Structure formats: structure tokens, C-alpha cells
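# Report on the structure
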Protein chains: 2
Amino acid sequence: MRTLRVAMAQINPTVGDLKGNVSKIIDYIKKSKKASAHIVAFPELAVTGYPPEDLLLKNKFIEDNVNALKKIQMHAGDIIVIVGYVDKKDYIYNAAALLYKKRLIDTYHKIFLPNYGVFDEYRYFKPGSRSPVYRIGDTCIGVNICEDIWHPEGPILSQTRKGAEVIVNINASPYSIGKSRLREHMLSERASENAVILAYLNIVGGQDELVFDGHSLIINQEGSVIARGKQFEEDLLVVDLNLDGVKLKKPYTHGKRQVATKHPGKPAETIEIPVTKTFRKATVKQHVRLVPRDNQCMESLQEIYMALVLGTFDYVRKNGFRVVVIGLSGGADSSLVASIAVDALGVKNVVGLLMPSPYTSPESKEDVHALAKNLRIKITEVPINTIFESYLDSFKQPFKGMPSDVTEENLQARIRGNVLMAFSNKFGWLVLTTGNKSEMSVGYATLYGDMAGGFAVLKDVPKTMVYELINWKNSKTGRQVIPDRVIRKAPTAELRPGQKDTDTLPPYHILDPILRAYIEDDKCFKEIVSLGFNAKCVRNVISMVDRSEYKRRQSPPGIKITQRAFGRDRRFPITNKYKGY
Amino acid sequence: MRTLRVAMAQINPTVGDLKGNVSKIIDYIKKSKKASAHIVAFPELAVTGYPPEDLLLKNKFIEDNVNALKKIQMHAGDIIVIVGYVDKKDYIYNAAALLYKKRLIDTYHKIFLPNYGVFDEYRYFKPGSRSPVYRIGDTCIGVNICEDIWHPEGPILSQTRKGAEVIVNINASPYSIGKSRLREHMLSERASENAVILAYLNIVGGQDELVFDGHSLIINQEGSVIARGKQFEEDLLVVDLNLDGVKLKKPYTHGKRQVATKHPGKPAETIEIPVTKTFRKATVKQHVRLVPRDNQCMESLQEIYMALVLGTFDYVRKNGFRVVVIGLSGGADSSLVASIAVDALGVKNVVGLLMPSPYTSPESKEDVHALAKNLRIKITEVPINTIFESYLDSFKQPFKGMPSDVTEENLQARIRGNVLMAFSNKFGWLVLTTGNKSEMSVGYATLYGDMAGGFAVLKDVPKTMVYELINWKNSKTGRQVIPDRVIRKAPTAELRPGQKDTDTLPPYHILDPILRAYIEDDKCFKEIVSLGFNAKCVRNVISMVDRSEYKRRQSPPGIKITQRAFGRDRRFPITNKYKGY
């Protein structure tokens, strides 16, 4: 049986940490050699971390990244190393180096550059035009990058036609809900329609607004998953590929008709890799992990929760923080954030602040204490009454004769923001904000108040999903980590007596689907109404979303988990008189 | 003499205000008809405003824009109307419609799409591939869009080869320092090398971080400017073009050698516009403005000041505000912002807040009062002492035994931020922040403190330029609008006794060129040191810039005036371990 042992190094590099990334890559090359792998692959832009954004405009950064590759090259012995970096020729390219015996054998340039959603690759890179195959003894492989594999008529087509039996596709593909299933389906189709083994390697880790889920996949020529990398964790997936199965190659047809290759590249060329005699011999049986076909990925709520945990963990860690501080109100959002923070950072690294005002109910205080007890985190109480009074005194003259309004409500939120920031400044803690996507969408949040902080864990999590995640967490743990009353009671900001969210907003089970239709699906007013929602309510929601763009522009980054998050993913003008109704 | 009368409608549309933009366009068509113009041109994306950003992802918005064009079409009588809009076919295109006699004669699609700096055009548009010419009786014109004209081998080449005597190039080209001169130089070269009359039309107005300077130009076949639109104002430039001069066409050579057309388009086609017999007859002499060749554009400091005035005016106006409130410290930044605000909005619409602490010097208070008197604006005084004390009381327990540090300094700035926001909430005023680019670069600003507000007027203005602008303003006015002492005294945040900016930062005349080299010119540590700066100082500055990205991400928008502003223009990761030294 002809076999090829591939190692998929699903690593978590840090953007800009060339030195750290190189030593991690070298470390994984060593592990892969130990496992007798023939090939070890690293993710897209593993050398620089992904996305490096405007670091790519700095010549020195590009040079340093090329030098980093040279260091890696020195560690590529009798193993083929495929690693993502930035190649510099006349322009710069999103590239995959193929290294063997301390030599740079070839560099592949990504052909399809994504320039939508969070991606700006045309801002930096030129698209590639070659799709070579590499002959390794009696087998042949093709390499391509991320977006390339989504195109049926992309490089995979010319590579398999030229005889590739294995396609190594390296990625930096960020997580969003449902994407892992979509991806798996597409990859399975791509493998089977080309009758080729597809080794899909994804990066893992959090980077600002993005979290990469890992979850690398090896799919055989029939489209079945034969191995699966961990989700939201580093992993080294070592698998023996049976090349004999690929022999039965059928002509490639797409959607029943035979298609011509259309990708904007030159015809595939073949590059010989002069492997040593010993190269294909060593196959140690240990270290090989073959995952059965019926292996499943995590269920959806678990995926989301893990995405939030990893995103939070990496933001805190990679930015040099250790401890986070959270304003706890006794509500669902702050309770969930505390739970995520504890799972990400450990009990010792999470501090709660309770900042009651005269409008804070005894139940809220009880719930904060119950939560803190369940999570075993420390809480400090800083009442805001006297500070609030001192502001009101100062405003007596200038605001004379004017009724109390949203000004005084926002003021309380802003005092709390200041208190949190004072603790952050004094102790070097990072403030996690607790607002959810529903609030962020309609502007039901106070700028410099509850929006003040370094990282917004739930920024892309709608309120109804906050409840689902709490229920999932409680049922997973087998006890009420988050007190039941937190979920049962009516949501309130407690900024005036008897206040409820529904005074201002539609109930969340109505609000959230409207928001999703408008923000994620770009549906217009009429289309949303035709889904069965009240026209006045829809108009009101759309108007609130549009009017609060200025708040979102000043919000801290948070973790993208939906089809479209606020931040780099949704670039809306603040000054905008368009009303789509 | 064969002449063609063109009207250049240098208008200020508002993003998303399709109805308002259409009625403005129709209004200018009427004016142009009255002036007996043969052709009236409107800027790039005049129908939608520029840049519409992710509004372009909404189908309904694209449809509404197409319908808006149809309304305009109904007003195109015996005059050729060229207008920028979004064309929808299989994809969407950044397009110029050519309308005549209520018919859409043709649509040109922009070929070169900018995807750098503030531009994301590949995110939305497909590039065009046709560069037709339009035959109008005995003359022939070509139309193209913005970036197209920057490419010597772009559509202008095939259009002039196909016989175009006039090229109408419509733009939405944002202002930055020095760009008007660069643009003029390039346009002059492009006109003379193609021996063609070049009618360059630019949009005008502020849109979030951008300000468009208008300053349309008509350049004859010899490369001389024959007419110039106003800078930073709407204008209708009506000019008779002498087509006989163009007859003397010489073969196109670029850089001494003859070049082939290389733009990725099809060969130029000729489209006949069946003009009426009367079309080329009417030439009324009035309304025609011919500007002498030696006419100059504004001097640099005036341009910058006017850019800030228009940017502020349009942000306030287009977002539905009337009055702005500014925290006045007696320093240079807030004094300049007040002066700009008064010039933009009028004395009645500017309110100053003086918020003294125990560290506020008597001189600062005097300077605030002197400035307010000079500008004739109202000021309200809200001392922050008692509020500050009430915070300190609340922190006695949790911060016990810890020395006073940056926490207490930030706290004062944050109290001021809260006070400003309370006035904003109570009276519906927009807060203008006063921080400059030097501070914003190194993070010498308090998040939620002096950074709190809706619009950051000086966000892209380095401190040394703040002084230059003050001097320019004072000398222009012929009196000290901004008191002389404001410029002479050492800059201080007055957050602790005797504090000076130079305690933390290098002097601004050293800091600013380092920042420019690093941020605008992407120079690396070594290159900056080689310019003659102290290595330790450069390292320190670079490190401060990199570390404060998280603050900038939460800052309000401000007006881009340099080569590279913070915001959409510079997309840097927060999580970033790269140190280029």
C-alpha cells in the first residue's frame, strides 16, 4: 500500500510575534519528525499571524518575515514543510513556502484573495497565477491557500488534473456560527468531485475581533472525513493517507457537466522534490490518530461558548494582561461574561465589581452574590450614590428647571464606567464589558458608561442567545452556575425606578430576529415586515440601528460569532441619511 | 471656432440622502441649462454620496439609487448630463451615466478601483472594461472616473486615440495636505501627453473622517489650467472649451517612448449621441467664468484650516446637530477647536465649558475667558473638585495604602468627559473633542476622558501644526483671536501640580517628525534614527504608538488631513507583538 504520513500543525501564532511564531513552528517540525511524518503543514500566514492588517505595509515587517522563514528553512530536514508567510517579489503575496532539506523548493501564491466581510486582502496582496504540483517519489501533491479551495474551478482542478493525489489547503478561516458545517460540506464535495485527498488545515486562536476555530479536516477521495483536529485548541494531527485509493480517479465533473478550468492561472507545472531514499520508508505506528468517520463536531451552543472563551483568553493573554474586572449587575449579560471569564482565565484572575445605586434592587444584589459564590470569584462593592449626588449638585445651576431624563440615567452608567476604569488603572486589570449584540445594535447602551472597557465579550451575541448560552452552561455543569432568577427576571438597566428594557425596546424574542434580518441578512424594511413583524416596530428598530452607528464606532472590540459582526466586518457610515423604509 | 460649453457641478451631496441628492442634481441641471451649457457633469457617486460604504451591500439601496437616476433622467432635456451612480448588472459598478433627452445613452464603469488607504472599492464593485467615446455632432468626448485618470495607460489613452477631444473625469477625491498640487501636476501631464482638454470634477463636503475639497479643474491640451472651481465650497463652473486647439494632436508618448494601451479593457467603441440641431448653437456669453492661468489655489495652512471648518460643519449639520459644546482648558488645542467651530457654525452655536480642578492654574482660567471674549462665545463653569473628592472617598477602602498615580489623573479627565456628555444629553449638543494627532499617536489622552465626544476635529493635526494654524488664524484675522499666551506657555494637561507634557513626551518639534516618519511614511526604527533622532527616544515613541492602538480604536472620528490618518485609513491590529526595533 502506498501511504503518505501528513502532520497538520494546527497552531495558535500571535500577530507580529515573528520570533515566538518561528520557535513554535520549529517546535512542531520537531514533533512531526518524531512522528515520522513525511509532510508537516502550517496554517496560512503562520509566520506573521493572521490578519496582520497594516503591518503588511511596513517593508521592515515583510523583510523580518522573510528572514523568519529562512530560520524555519534551516530546520526543515528530511521532512517536507509547508508554511504560510508573506512572499516579496515585485509585490507581496499571501504565500505558502515548500521547504525540504533546508531549501526553499517553491512558493505558492494565493490566487483568490477575499476582500469582503472582515477580509481586506486586495489592500495588501497581489493574486497569484501559478498552481504547480510537487512530485515526491511516486506520489504528487498540490498546495493552495484558504479561499482558493472554495472555487470549484480554482487551483485544485488543475492540480488534480496534473496528477495531485493529495491537496494541502492551509487556512486562516475565522469562526462563525454554522461555518464549520458549511465548510465540511464544501470540502467533502471538493474532495469527491476531484477524487483527491483533501488535507484542510486551519489556524486556531483569538485575534482582536476574530477567533479561529482550528478544526482541521482530512477528507478522503470519496468525500468522507477521516480525521478531525480539535476545535478551539492547538493540535497536531498526524494521519497516514492511503494513496492507493486515489488511483481510481474519475474525470472531474461539476454539476453533471464536465467543466474546463477557469481560474486565472497558468497551466499547472510539475516540480520534482528530490527526496532521499529513506524518505518514504519510516512509518512508525504510534502517534497516528485516525478518527472514525462518524466523529462529530461540537454542538452549536458549545461551539459558541468555546469561541467566546478562547477569544477572551487570547485577547487577555496576547495583550499582556492577567486579571480582568467585570461590573456585575445581577443581570444575564454580566453573569454570562463572568462565567466565560472564569472558564477562560481561572477563578483567581476574575474580579467582580458591584456598584449599586438607589435603583439597584435587593434581588440584583443577591444574584450578584449568588453568582460570585457559585463561580468562587471575589467581588468588591463600590456604591455610586454619593458620587451621583455630587454630580447632581454640580448640575443644579446649569440644568435648573429641567426635568430628569436620560442624562441622569447615562450619568449612573458613566460613573460605573469610571469606577471600573479606576480599578483598571490602579491594578492593571482589563475591564471586560458586558453589553450584548441586541443592545449594541439599537444603541441601548451608554457610551463611556457600560460600554467602557477593553474587550466586549458578548458584542456579537444577541440577547436571546445569551439566555441559551446560560442554559447550556448550567445544564453542562449540572448545576445553576448562573442563578436561575437571573434568567427568569425581566431585563432591566435599573437606571430609574421600575425601569424595564421593554419600556424602550420590543421583547428580545421579537427584536433579535428583526436585527438578524436587517444586520446579518441585509433585508430591507418590506422584506422584514413580510416575515410577519409589525411595520411600526420594524421601522423603529431599523431607525435605532442606523442612529446608533456613532456609538458602535467607539465601542471596544468583541468576538465575531455571527455572519456579520460590528467592527471590521460591518463598515457603515455614521453620517447617513438613508432610510430603507 | 468650434466650442463646447461644459458646466461642472461641484456639489455637496449627503451619503444616503438619495432624495436630497436628486433634487440638488436636478437644481444644478436647471442652472446649467440656463447657462446654455452643452454638458453638465456631476461627481462620482453623486446620487448616493461618497463613500456609501456597506450601504452598497443592501439591494434595496442599490435599487433606490437606480430609481433616483431615473428621476434625474426625466430632467435631462437638451443637455447632456453625466452623473455618478451605482450601476447594477450581474454585479455592481461605480458608474457614470450619460443622459440626454430623457434617455440613458450609456453607462461607463470605473476601471481602476482603489483599494488602499481609506478606499475599499473592491469590497463592493467589479471593475469596468469598456472605455467608449461619445460623438456629439462634430466633436467627441470621453468619460472616466477618479482613479482611472491616474493611470497614463488607462482609459484616457484609448479614448483620445479614438478621437476624444475632451475627457470628463468625475471624482470623489478626499483632501489631504499637498494633494491638490500633486493632482494638478498629474492632470496637467495627462492632458498634455494626450493633447486633450481635461475636465476634472471633484465632489465637495465632509463625510465622517473625510473632507472633499472640490477644486475642480479644467486643463487645456497644453496642460494649462484654464478654470478652477472653488475650494471647500459648492460651485458651478461653466466654461467654453475651444476645440480647435485640440486639432493639433500629436502622437501620444509617455516618458519619451511610445507606449501601447495596457488598461484591462476592450478597444474603445464610439457611441453616437443624436443631438438636436439647436444643441451646439446656443452660447450665451454670461455665466461663463474663465479663470486666468496664473490663478493659484489656497496656501497650505489656509487649506488645512478650511478643511477642518468644512469637515466640522458637515459632520454637525449632516448628523442633525446645531450646537456644539467644547471643554476649554486654556490650552492651544481647545482654543483652536473653538475658533474652527465658530467659523464653521457661528458664534451662537458654540458653547464652552470650563471645568477647573485644584490643579487648574489662574492663567488657564484667564486664557479661557480671554478666548471666549475674543470669539464672543458663551462659557459655563462647572468645577470638578467636589465630584473628584467623592470618587476619592469611594476609593479610600479599595485603594488603601496605594500611592496616587495615573488613576487619579485619568479620573479628572473622565469626570470632565462625563460633565460634557451630561450637557450633550441634556441639551442635545454635540461634544467636540480637542485632542491632537500627536497625543492620539502616543496615547497621551484619557479614554472616556478628554477623548469623550462625537467628533475629534484635530485628530489628524499634529501639535506643531496646531500652533501654525493658530498663528495663521491670528495673522489672517489681524488680531489675537487666540490669546498669545496660549501658544507661548508650555503645554500641560494640568492633572497634577506642575505637570508638563514634556514630563512624558519628547518636545513636540522632535516628536512630530518621528511620528510622521513612523505613521505616515512607514519608516522603520533604523530609518528614523538615521534621520538624526535619538535611538532611545525613537524606540520609546514607536512603542507608545503601538501600545495605544486600543485607545484609538475607541476614539471618535476626526478629519483626515494628512497622508495617513487614524481610523479607516490606518488599520492596525490591537493585538500585535511586532516591535520594529
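Just so we're clear, the structure is a prediction, and the values are computed from it rather than from any experiment.

### Regarding the relation of the copies chain B and chain A
Overlaying chain B with chain A gives an RMSD of 0.0 Å, the required rotation being 180 degrees about an axis along which the chain moves by 0.0 Å. Between the two chains, the operation in question is that of a two-fold axis. Relative to the rotation axis, the C-alpha of Gln554(B) is the closest in chain B, positioned 2.0 Å from it. With an isologous cut-off of 70% or more, the 100% of interface residues of chain B that recur at the interface of chain A puts this contact in the isologous class.

### Digging into the packing of helix H5 (residues 300-318) of chain B against helix H11 (residues 463-477) of chain B
Helix packing for two helices is described by the angle between their axes and how far apart those axes are. Residues and elements named next belong to chain B. The N-to-C vectors of H5 and H11 enclose an angle of 95 degrees; their axes lie 10 Å apart at closest approach. In terms of orientation, H5 and H11 fall into the roughly perpendicular class. In this structure, H5 contributes Leu301, Gln302, Ile304, Tyr305 and Leu308 to the contact, and H11 contributes Met465, Glu468, Leu469, Trp472, Lys473 and Lys476. A breakdown of the residues in the contact of H5 with H11 according to their chemical character gives seven nonpolar, one polar and three charged.

### Details of the sheet that holds strand E5 (residues 103-109) of chain B
All names here are of chain B. Across the sheet, six strands lie side by side as E5-E4-E3-E2-E1-E14; this open sheet has mixed pairing. For this open sheet the edge positions go to E5 and strand E14 (235-242), each flanked by a neighbour on one side alone. Between one strand axis and the next, the sheet turns through 30 degrees on average, direction left out of account. Most of the contacts of helix H2 (residues 59-73) go to strand E3 (residues 80-88), to which it runs at about 165 degrees, and overall it touches E3, strand E4 (92-100) and E5.

### Comments concerning the pairing of strand E21 (residues 430-433) of chain A
Residues and elements named next belong to chain A. Of the two faces of E21, the one lined by Leu430 and Leu432 and the one lined by Val431 and Thr433 are each fully buried. Sheet topology note: the E21/strand E22 (residues 455-456) ladder contains two bridges and is parallel. Opposite Thr433, over in E22, you have Ala456 as the bridge partner.

### Describing the interface of chain B and chain A
In this complex, chain B contributes 83 residues to the contact, which on the side of chain A involves 83 residues. Note on chain B versus chain A: buried area summed over both sides is about 7,300 Å², and carbon and sulfur give 56% of it. The largest per-residue losses of area from chain B upon contact with chain A belong to Lys426(B), Thr575(B) and Tyr578(B), which jointly make up 11% of the total buried on that side. The interface formed by chain B and chain A holds ten salt bridges in total. In this structure, Lys426(A) engages Glu408(B) in a salt bridge whose closest nitrogen and oxygen atoms are separated by 2.9 Å. In this structure, the connection of chain B to chain A is made through 51 residue pairs in polar contact (both at pLDDT 80 or more). Counting residues per element, the ones that place at least two in the side of chain B that touches chain A are H2, H5, helix H8 (385-395), helix H9 (406-427) and helix H16 (549-553) of chain B. Element by element, the count of residues in the side of chain B that touches chain A is highest for H9(B), at 14 residues. In terms of residue class, the side of chain B that touches chain A is built from 38 nonpolar, 22 polar and 23 charged.

Rules used in this analysis
Residues numbered from 1 in each chain as written. Chains lettered and ligands numbered in written order. Predicted model: local features only at pLDDT ≥ 70, side-chain atom pairs only at ≥ 80, totals over all residues. Heavy atoms only, no water. Least-squares fit on C-alpha atoms with pLDDT ≥ 70 in both. Contact = heavy atoms within 4.5 Å. Axes fitted to C-alpha atoms, helices over the stretch in contact; angles between N-to-C directions. Helix = DSSP H or I, 4+ residues; strand = E, 2+ residues; numbered from the N terminus. Parallel < 35°, antiparallel > 145°, perpendicular 65-115°, else oblique. Nonpolar A, V, L, I, M, F, W, Y, C, P; charged D, E, K, R; others polar. Pairing = 2+ DSSP bridges. Buried < 20%, exposed > 50% of the residue type's maximum accessible area, 1.4 Å probe, protein only. Buried area = accessible area lost by both parts, 1.4 Å probe. Salt bridge = Lys/Arg side-chain N within 4 Å of Asp/Glu carboxyl O. Polar contact = N/O pair within 3.5 Å; in protein donor to acceptor, adjacent residues only side chain to side chain.

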